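Analysis of the macromolecular model
Chain by chain, the residues:
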Amino acid sequence: MQHRRRTEVITEVAIEWLIRLCGISAIVFVFGIFYFVFREGSSYFFHGFNIKEFLTSIEWFPSSESHVRYGALALIAGTASVTLLAMLIAVPFGIGAAIFISEFCNQKMKEFLKITIELLAAIPSVVWGFIGLTVMNPLIIKLTGAPIGLNVLNGGIILALMSVPIIVSIGEDALKAVPDSYREAGLALGVTRWQLIYRVLLPAAKNGLLAAVLLGVGRAVGETMAVLMATGHAVKIPTSALDSVRTLTATIAAELGEAPVNSEHYQVLFIIGILLFLLTMTVNLAADLIVRGIRSR
Amino acid sequence: MKASDRFAFPSGFLVAVPTALLAASLLLNIGCKREKTLKKTIIQNSGSDTMVNVAQAWAEEYAKVAPDVSVEVSGGGSGTGIAALINGTVDIANCSRRVEPKETEAAKKNSGKEPYEFMVGFDALAIYVHKNNPIEQITLEQLADIYGENGNVTKWSQIGVQMPAGADEIIRISRQSNSGTYFYFREAVLGKGRDLKLGSRDMNGSKDVVELISKTPGAMGYSGMGYAISEVKKLKVAKKKGDPAYEANVENTLNHTYPIARPLFMYTLGTPAGVVKTYMDWVHSEAGQKIIATSGYVPLPKP
């Protein structure tokens, strides 16, 4: 081998570092974002912020003249209710679709379905919100007799449609990871297809499927634009699926633009951001640990 | 041999990047120089969020009338605009209320000049319902009972309106809690200090309010009168029970009989001169007043 020139050695080292930097940039960004979000909200968080009111009161009056109150319980309940309904719809459909794609389809159908489902994931959230506002709203009024169609049901259906693609693609991967020897062993014992799925595949792939569901939950909790447009944006603890609600994310989107920078209101919106960040991080971390659980076995 | 192969890409890359940067900076330089040769006079204009749309429309139209003057518009709220005027950072402040005495004092102390007032138009908030709703008029007291905190009206039947079965609940449509329209509605209907009832559907724009009402039979909401569409109905508004109710239109706004309307102002520091004066004259001209009408507000009465 030829003797390397000095510049070449230096360039190689530089390039190596550049690539290394690209590799760890995600970590830098995650911590950077957490740091900045926390910094924006921190001075009020440590001085004067009433965390008990924030978590237990439903009174959200950020611009009251007489008595400003920052109770986010109704917003938390809004996020929880919409996410719950979305998962009630998306999990059976998503897992069902994953099973169909992984176990029942021929190759051609499989490709077609996967591409279509990916297309579903590519629809921008504001378009979903638009559908909720203009198509689902009158439909829900007509079908259920509710006075207004912008409610938990509307937001839940929209969010379900948005999280199904994630659940399907990760769920399908989990089912694909089950070794074929399991299927062969089951078939050799003379089980039906249903028994094979229910008794062999689902238990074997349960960690991956759970991770798929949790990532779907993360998607639903973090979604902003679609729920802002579809849920009615009303501060209220829902008592039925036909009540309007307001979610944490939608509150930030609606109010941050006009809250004076560094005011209390502005900082409280950032504290909501921290809450959301912790929420989605916990969900994603749980999903990750569960997936790791499958791999190590 | 392998080593030289691996370096073929990076060394080319290392030359390409500085060249590109150099080219880009040259282009930017040329761009800047071209800007400077035009020598535009800049008028800084900021303040009321309610007026930011019409102020922007004026600025854009004025750029066609006087290409050598550029009006830069920003929002931030009426108070922010006046504060900036006092500090001398803007030439014109937009304000959806009259300037307060303490602001005049501050301006005098700071610059020796008083804010000079121009009334440029009016903003009337219409109360909208679905076009099939039988209601025709409403009083400010009823609005306070419907919208105000601790107000006890939640159903149409409580204010004597017969709605089809299942639509008796009043679906309150409001605005996000820091929009100028929200503040004005709260003050005009509830007075100072009282809050709006929670649970209203808070929309993010004047147009969204009207569109949602057009699709919701039991809804009621407030928005600028210029946002009316054919699927909604504007209610006549009376101050209190027994008083005559007035329609939200230009005439009733100008003779002050419609109760939820306010004048819109622009302020300069001292009597304006030069380009600022020319601009304010243009705003008051027929062309300028036509823009305030098309932006959904009420123009000044014709002299």
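What counts, and where the lines are drawn
Residues numbered from 1 in each chain as written. Chains lettered and ligands numbered in written order. Predicted model: local features only at pLDDT ≥ 70, side-chain atom pairs only at ≥ 80, totals over all residues. Heavy atoms only, no water. Helix = DSSP H or I, 4+ residues; strand = E, 2+ residues; numbered from the N terminus. Buried < 20%, exposed > 50% of the residue type's maximum accessible area, 1.4 Å probe, protein only. Contact = heavy atoms within 4.5 Å. Domains from an automatic or database assignment. Buried area = accessible area lost by both parts, 1.4 Å probe. Salt bridge = Lys/Arg side-chain N within 4 Å of Asp/Glu carboxyl O. Polar contact = N/O pair within 3.5 Å; in protein donor to acceptor, adjacent residues only side chain to side chain. Axes fitted to C-alpha atoms, helices over the stretch in contact; angles between N-to-C directions. Parallel < 35°, antiparallel > 145°, perpendicular 65-115°, else oblique. Left-handed = near helix turned anticlockwise from the far one by under 90°. Nonpolar A, V, L, I, M, F, W, Y, C, P; charged D, E, K, R; others polar. Expected span 1.5 Å × (residues − 1). Arc of directions from axis to C-beta. Pairing = 2+ DSSP bridges. Core = buried A, V, L, I, M, F, W, Y, C linked by side-chain atoms within 4.5 Å. Patch = residues over 30% accessible without salt bridge, like charges linked within 9 Å, V, L, I, M, F, W, Y side chains within 5 Å. Areas by Shrake-Rupley, 256 points an atom, 1.4 Å probe, with all protein chains shown as cover. Lys, Arg positive; Asp, Glu negative; His and termini not counted. Phe/Tyr/Trp six-rings, centres within 6.5 Å; stacked < 30°, edge-to-face > 60°. Lys NZ or Arg CZ within 6 Å of the ring centre and 35° of its normal.

1. Re the overall build of chain A
On a plain count of helices and strands, chain A comes out with 12 helices and 2 strands. Order of helices (α) and strands (β) in chain A, N terminus to C terminus: α-α-β-β-α-α-α-α-α-α-α-α-α-α. Principal axes of the C-alpha set define a box for chain A whose edges measure 75 × 70 × 35 Å. For chain A, buried positions account for 44% of its 297 residues. Counting only contacts in chain A whose residues sit at least 6 apart along the sequence, the fraction spanning at least 24 positions is 69%.

2. Points about the domain arrangement of chain A
All names here are of chain A. When the domains of chain A are assigned, the result is domain 1 (2-47) and domain 2 (69-296). Centre-to-centre separation of domain 1 and domain 2, based on C-alpha positions: 32 Å. For domain 1, the biggest contributors to the area lost against domain 2 are Phe 34, Glu 40 and Tyr 44; these three give 56% of the whole. Summed over the shared surface of domain 1 and domain 2, the number is 0 salt bridges. One can count 3 residue pairs in polar contact (both at pLDDT 80 or more) joining domain 1 with domain 2.

3. Comments concerning the packing of helix α6 (residues 152-176) of chain A against helix α9 (residues 206-222) of chain A
Residue and element names in this part refer to chain A. Axis separation between α6 and α9 bottoms out at 8 Å; the angle between their running directions is 155 degrees. Between α6 and α9, the interaxial angle falls into the category roughly antiparallel. The two elements α6 and α9 cross, and the hand of that crossing is right-handed. Taken together, the residues of α9 that come into contact with α6 (itself represented by Leu 159, Met 162, Ser 163, Ile 166, Ile 167, Ile 170, Gly 171 and Ala 174) are Gly 208, Leu 209, Ala 212, Val 213, Leu 215, Gly 216, Arg 219 and Ala 220.

4. What to know about the interface of chain B and chain A
The interface of chain B with chain A comprises 33 residues on the first partner and 39 residues on the second. Together chain B and chain A conceal approximately 3000 Å² of surface at their shared face, both sides included; 53% is due to carbon and sulfur atoms. There are 3 salt bridges connecting chain B and chain A. Residue Glu 149 of chain B pairs with Arg 69 of chain A through a salt bridge whose shortest N-O separation is 3.5 Å. For the pair chain B and chain A, the interface holds 9 residue pairs in polar contact (both at pLDDT 80 or more). Elements supplying a minimum of two residues to the side of chain B that touches chain A: α1 (2-38), α6 (180-190), β7 (201-203) and α7 (206-215) of chain B. Ranked by residues supplied to the side of chain B that touches chain A, first place goes to α1 of chain B with 5 residues. When its residues are assigned to classes, the side of chain B that touches chain A shows 13 nonpolar, 10 polar and 10 charged.

5. Notes on helix α4 (residues 107-122) of chain A
Residues and elements named next belong to chain A. Over its 16 residues, α4 extends 23 Å from the first C-alpha to the last, a length consistent with the 22 Å expected when each residue adds 1.5 Å. The complete set of buried residues in α4 reads Lys 110, Leu 113 and Ile 117. Seen along its axis, α4 keeps its buried residues to an arc of 70 degrees; they face one direction. Opposite the buried face of α4, by more than 90 degrees, sit the exposed residues Gln 107, Lys 108, Phe 112, Ile 115, Leu 119 and Ala 122.

6. Considerations on the pattern of salt bridges
Residue and element names in this part refer to chain B. Summed over all chains, the structure comprises 23 salt bridges over all chains. With a shortest N-O distance of 3.2 Å, Arg 98 and Glu 117 are connected by a salt bridge. On the criterion of sequence distance, the pair formed by Arg 98 in the loop between β3 (92-95) and α4 (101-111) and Glu 117 in strand β4 (residues 115-130) is long-range, its members being 19 residues apart. Residue class for Arg 98 comes out partly exposed when judged on its relative accessible area of 48%.

7. Observations concerning the environment of Ser 46 of chain B
Tracing the sequence through the fold places Ser 46 of chain B in strand β1 (residues 41-47). In contact with Ser 46 of chain B, other than residues within four places in its own chain, are Ser 74, Gly 75, Gly 81, Ala 84, Val 90, Ile 92, Ala 93 and Asn 94 of chain B.

8. Considering the domain arrangement of chain B
Considered domain by domain, chain B is made up of domain 1 (39-122 + 263-294) and domain 2 (125-261). Computed over C-alpha atoms only, the centres of domain 1 of chain B and domain 2 of chain B are separated by 30 Å.

9. Some remarks on the packing of helix α3 (residues 73-104) of chain A against α6 of chain A
Residue and element names in this part refer to chain A. Running from amino to carboxyl end, α3 crosses α6 at an angle of 35 degrees, the nearest separation of the two axes being 6 Å. For the pair α3 and α6, the crossing hand works out as right-handed. Partitioned by chemical class, the residues of the contact of α3 with α6 number 22 nonpolar, 7 polar and 3 charged.

10. With respect to unusual backbone geometry
Even without being glycine, His 233 of chain A reaches a positive phi, approximately 60 degrees. Within the fold, His 233 of chain A resides in the loop between α10 (225-230) and α11 (248-255). Classification of His 233 of chain A as buried rests on a relative accessible area of 1%. At Asn 150 of chain B, a residue that is not glycine, the phi angle is positive and equals roughly 70 degrees. Summarising the element assignment, Asn 150 of chain B is placed in the loop between α5 (140-147) and β6 (171-175).

11. Let's talk about the pairing of strand β11 (residues 261-269) of chain B
Residues and elements named next belong to chain B. Sheet topology note: the β3/β11 ladder contains 4 bridges and is antiparallel. Pairing of Ala 93 across the sheet is with Tyr 267, part of β11. Bridging between β4 and β11 involves 9 bridges; their strand directions are antiparallel. Bridge pairing in β11 places Ala 124 opposite Ala 261.

12. Observations concerning the nonpolar core
Counting residues in each nonpolar core, the largest one holds 64 residues, and the members touching the most others are Phe 54, Trp 60, Leu 75, Ile 158, Leu 159, Val 268 and Ile 272 of chain A. If sequence neighbours within four positions are ignored, Leu 159 of chain A has contacts with Val 82, Ala 86, Ala 220, Glu 223 and Val 227 of chain A. Counting residues in each nonpolar core, the second largest holds 47 residues, with Leu 150 of chain A together with Ile 146, Ala 167 and Val 298 of chain B among its members.

13. Description of a nonpolar patch on the surface
Residue and element names in this part refer to chain A. Residues Leu 21, Ile 24, Ile 27, Val 28, Val 30 and Phe 31 make up a contiguous nonpolar surface patch of roughly 590 Å² in combined accessible area. If you trace the backbone, Leu 21 turns up in helix α1 (residues 6-46). Leu 21 sits in the exposed class, given a relative accessible area of 52%.

14. Considerations on the pairing of β3 of chain B
Residues and elements named next belong to chain B. Neither face of β3 is open: one carries Ile 92 and Asn 94, the other Ala 93 and Cys 95, and all of them are buried. Sheet topology places β1 next to β3; 3 bridges connect them, and they run parallel. Each residue of the ladder has a partner; that of Gly 47, found in β3, is Asn 94.

15. So, the side chain of Lys 110 of chain A
Turning to its location among the elements, Lys 110 of chain A is positioned in helix α4. Notably, Lys 110 of chain A is buried but unbridged: the nearest opposite-charge side chain belongs to Glu 172 of chain A, and the N-O separation is 4.2 Å.

16. Overview of the packing of aromatic side chains
Residue and element names in this part refer to chain A. Under the criterion given, the structure shown has 23 aromatic pairs over all chains. For the ring pair Tyr 44 and Phe 49, a centre distance of 5.8 Å and an interplane angle of 65 degrees mean the geometry is edge-to-face. Neither Tyr 44 nor Phe 49 differs from the other in exposure class; each is buried. Above the ring of Trp 17, the side-chain terminus of Arg 20 is found at 4.9 Å from the ring centroid.

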